[in-house]
Amino acid sequence: MATTETDQATFGGTVEATVEAQVETVERNPEGYLGFKLGEFEFSRDDYFVYISWPTGSHVMSADTFLKALQRDVAWEFFYGIVNFDGVIGTVNHYGDVDLFAGRYNDGWRKAELDHLENFPTAHIKATFEAMLDDWTNEGFDPFASPDETGTAFGPKNGSNKAAITRHRVTAQRMVGVPGDEGLRSDETGHTVNRHFLDVPQDEPEIHAEQGFEGDVAAFNLFAYLSRSDVTWNPSVVAACKDSLACPTTEEYILPIIHGNDRVEWFVQLSDKIIWDVEDRDTGTVRAKVVMKAGDVCAMPADIRHQGYSPKRSMLLVWENADSELPALISSGKLPTYPVDL
Ligand SMILES: [Fe+2]
């Protein structure tokens, strides 16, 4: 498959990469799944597992864990910084090109000198990951859904679920509800109130704009909006003010990636509870365990990685700073890795 595309990055500015994206496949195995090659990396899956190999090593992951991580890496355009699929495999976004690594941010693999890293134009790795996600996602399995709200990822190849893996990604230019921008969610748009949020009021604020300002004044019920989210662990841009992006999301079960930050992220727990494991970004050494309850606010530093556990569906506001100069300013020491001095 050859495609030429110019990618609009969801986060971190515009990626002006126009490349010939060649997806390299290996013939279907007895379970019915295609294999894929990306540089010197090789990927395959069977009923239960995904196998990844590179010249100095190999790794195995559960197919459902892998597909949930792959879904987010693709949908988020490789996000900010590092998307660890687990403690071994992941990607680093350089906003135009992307590193795919094995063991690079794992002390054991580094010290054994078995880690591996290759860089690809964003369009190339994205096209390969999209093809892999499409071929390996079976009918009835939704990688964005909570375990209680989807079917199984396992078994031999059985159809596909293209609608689930190519959902519209909410990226408001100003704010949800502003004329011409992202719309509100409703039963009519296919966004019913989630089973865990049936008690969330659905009334919307009244807007009384001065004449001539009707297109500039907007308001919406964020709790009602989030109660109708049909996905988990998927921060959406619902409001933007220059580089300040409000990215709320609903969470349930486990964040399918371990996010390695290249900038500070603020978290505001809007409802319920999330337990966070926080580790050193580069080695995986344990740094902290953070329990956030409704109303709690915290800032994740720029040199950590984190994974969250949400016992029931919860609402989390992630506040991102999309300034493209931040990673270099922080890695060069011109800015601290933490947001405030107290
Ligand atoms: Fe993060």
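Residues numbered from 1 in each chain as written. Predicted model: local features only at pLDDT ≥ 70, side-chain atom pairs only at ≥ 80, totals over all residues. Heavy atoms only, no water.

1. Observations concerning the coordination of the iron ion
As a benchmark, a tetrahedral metal site with four donors has ideal angles of 109.5 degrees, while an octahedral site with six donors has ideal angles of 90 or 180 degrees.
Thinking step 1. Bound to the iron ion on the protein side are His-259 (ND1), Glu-265 (OE) and His-306 (NE2), at distances that span 1.9 to 2.1 Å.
Thinking step 2. Donor residues binding the iron ion come from one chain and are separated in sequence as H-x5-E-x40-H. Of this pair, Glu-265 sits in strand β15 (residues 265-269) while His-306 is found in strand β19 (residues 304-321), placing the two residues 41 residues apart along the sequence.
Thinking step 3. With relative accessibility at 3%, the residue His-306 sits in the buried group. (Donors = N, O, S within 2.8 Å, 3.2 Å for Na, K, Ca; no water. Helix = DSSP H or I, 4+ residues; strand = E, 2+ residues; numbered from the N terminus. Buried < 20%, exposed > 50% of the residue type's maximum accessible area, 1.4 Å probe, protein only.)

2. Observations regarding the packing of helix α1 (residues 63-75) against helix α3 (residues 122-136)
Thinking step 1. At a minimum axis distance of 10 Å, the contact between α1 and α3 shows a crossing angle of 140°. Judged by the angle between their axes, α1 and α3 are oblique. The two elements α1 and α3 cross, and the hand of that crossing is left-handed. The residues of α3 that touch α1, namely those facing Phe-66, Leu-67, Leu-70, Gln-71, Asp-73 and Val-74, are Lys-126, Phe-129, Glu-130, Met-132, Leu-133 and Trp-136. (Axes fitted to C-alpha atoms, helices over the stretch in contact; angles between N-to-C directions. Parallel < 35°, antiparallel > 145°, perpendicular 65-115°, else oblique. Left-handed = near helix turned anticlockwise from the far one by under 90°. Contact = heavy atoms within 4.5 Å.)

3. Things to note about empty space enclosed by the protein
Over the atoms, a rolled probe matching the size of one water molecule traces out where space is still vacant.
Thinking step 1. Counted under the stated rule, the structure contains 2 cavities of 30 Å³ or more.
Thinking step 2. Taken as a whole, the largest cavity encloses approximately 130 Å³ of empty space.
Thinking step 3. Lining the largest cavity are 17 residues, and of these Phe-79, Pro-235, Leu-255, His-306 and Val-318 sit closest to its centre.
Thinking step 4. At the level of secondary structure, the elements contributing two or more residues to the lining of the largest cavity comprise β13 (244-254), β15 and β19.
Thinking step 5. It is β19 that provides the largest number of residues to the lining of the largest cavity, a total of 4 residues.
Thinking step 6. When its residues are assigned to classes, the lining of the largest cavity shows 10 nonpolar, 4 polar and 3 charged.
Thinking step 7. Lys-68, Arg-72, Ala-145, Ser-146, Pro-147, Thr-232, Trp-233, Glu-252, Tyr-253, Ile-254 and Pro-256 are the residues that line the second largest cavity. (1 Å grid on protein atoms, 1.4 Å probe; cavity = no way out; pocket = protein on both sides within 12 Å on 5 of 7 lines; lining within 4 Å. Points joined across faces, edges and corners; volume = space filled by probe spheres on them. Nonpolar A, V, L, I, M, F, W, Y, C, P; charged D, E, K, R; others polar.)

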